[in-house]
Amino acid sequence: MDTEAQHTERDPSSPAEEGSRSARVPGAPEPEGPARSDRTAETDRSAQTDRSAGAGEADGAVEEGRPVGSSWRRTALVGAACVAFLLLLSHFVIQPFLIPSGSMEPTLQVGDRILVNKLAYRFGSEPRRGDLVVFDGTGSFVGEPPRGNPVTGLLQDGAAALGLAEPDETDFVKRVIGIGGDRVVCCDQDGRLTVNGEPVAEPYVMLGDRPSGVPFDIVVPPDRLWVMGDHRSQSSDSRDHLGSPGGGMVPVDRVVGRADWIVWPFGRWAVVPGTDAFGAVPAPPTGGHGAGAHG
């Protein structure tokens, strides 16, 4: 009985032990019973872990995609804020203008982009003789423009305000020759323009041009300006509107600002040169010369 009992205790034919040993032998047949169940459970857990990891990666990919949309929104907001800032700046402080014609040559060339200082005359200062000014010629150089498409007009105004399009047809750039009270005459016996009786040498006038091919003798009313282009033979200016309402005189309150800088093309980047041509011109007499045209 003892021998049989001992033999039974050491019997290696137990299914659990056989499965345990065969699981450690390479190439052995797949075991049956609990060991196989354990390995199947481990495989299932591993597959579930892989699926969870894959799902996490997919979620991560989606989450990583979200900041891209936010980035575009931020970029659009920053761009809109920059455009709004530039529009406000151009409306109140400094505005670019595109030069569309050669009426101000050689000082300004066709295609030049200039910056107009809107603060130059904002705090009590007024245009001086020799200044290059941009002004709204409505009522002096041109009549009231017809009403157009408001949307198109808004887009045009915005593009012009940024210097990306030609200015309105009512905007002009000219040189101030006479201010309120001045008597401007052309020409004296030597073919020179005179202001308050003083001959003016004009070095800015286009080479080969005369001071004016049209004789005139005018007195500038108060708060008005007499303006002319530097390319006299190609400029339509105060001389061409002597018979129009206002007599070609530009109201001071129609001045947009002073042209101070040339910013494009880069090769012409410069401060708009000033002039001392009117340095010797006396102030108009206290009693005035009388109003309107003479001669």
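Everything in this summary refers to the structure shown in the same document. (Residues numbered from 1 in each chain as written. Predicted model: local features only at pLDDT ≥ 70, side-chain atom pairs only at ≥ 80, totals over all residues. Heavy atoms only, no water.)

1. Section: the packing of aromatic side chains
And step 1. Taken as a whole and assessed by the stated rule, the structure comprises six aromatic pairs.
And step 2. Between Phe-135 and Phe-141, the ring centres sit 5.2 Å apart and the planes meet at 80 degrees, which makes this aromatic pair edge-to-face.
And step 3. Take Phe-135: its relative accessible area is 0%, and that puts it in the buried class.
And step 4. A ring pair is formed by Phe-135 and Phe-172, whose centres lie 5.8 Å apart and whose planes are at 25 degrees; its orientation type is stacked. Of this pair, Phe-135 sits in strand β3 (residues 132–136) while Phe-172 sits in strand β4 (residues 171–178), and the two are 37 residues apart along the sequence.
And step 5. The rings of Phe-135, Phe-141 and Phe-172 are connected pair by pair, giving a single aromatic cluster.
And step 6. Residue placement shows Arg-175 over the ring face of Tyr-204; its charged tip is 3.9 Å from the ring centre. (Phe/Tyr/Trp six-rings, centres within 6.5 Å; stacked < 30°, edge-to-face > 60°. Buried < 20%, exposed > 50% of the residue type's maximum accessible area, 1.4 Å probe, protein only. Helix = DSSP H or I, 4+ residues; strand = E, 2+ residues; numbered from the N terminus. Lys NZ or Arg CZ within 6 Å of the ring centre and 35° of its normal.)

2. Concerning unusual backbone geometry
And step 1. Omega for the bond connecting Glu-105 with Pro-106 falls within 30 degrees of zero, at 5 degrees, which places this linkage in the cis form.
And step 2. With respect to the secondary-structure elements, Pro-106 resides in the loop between β1 (94–98) and β2 (113–117).
And step 3. That bond from Cys-186 to Cys-187 is cis: its omega, 5 degrees, falls within 30 degrees of zero.
And step 4. Mapping Cys-187 onto the fold places it in the loop between β5 (183–186) and β6 (193–195).
And step 5. In the Ramachandran plot, Asn-196 falls in the positive-phi region, its phi being about 55 degrees despite a non-glycine side chain.
And step 6. Positionally, Asn-196 belongs in the loop between β6 and β7 (198–200).
And step 7. When its relative accessible area of 13% is taken as the criterion, Asn-196 is described as buried.
And step 8. Phi angles above zero are rare outside glycine, and Asp-223 is one such case at about 60 degrees.
And step 9. Mapped onto the elements, Asp-223 comes out in the loop between β8 (216–219) and β9 (224–228).

3. As for a nonpolar patch on the surface
And step 1. A cluster of nonpolar residues, Val-93, Leu-119 and Phe-123, forms a patch on the protein surface that exposes about 290 Å² of accessible area.
And step 2. Here Phe-123 is to be found in the loop between β2 and β3. (Patch = residues over 30% accessible without salt bridge, like charges linked within 9 Å, V, L, I, M, F, W, Y side chains within 5 Å. Areas by Shrake-Rupley, 256 points an atom, 1.4 Å probe, with all protein chains shown as cover. Salt bridge = Lys/Arg side-chain N within 4 Å of Asp/Glu carboxyl O.)

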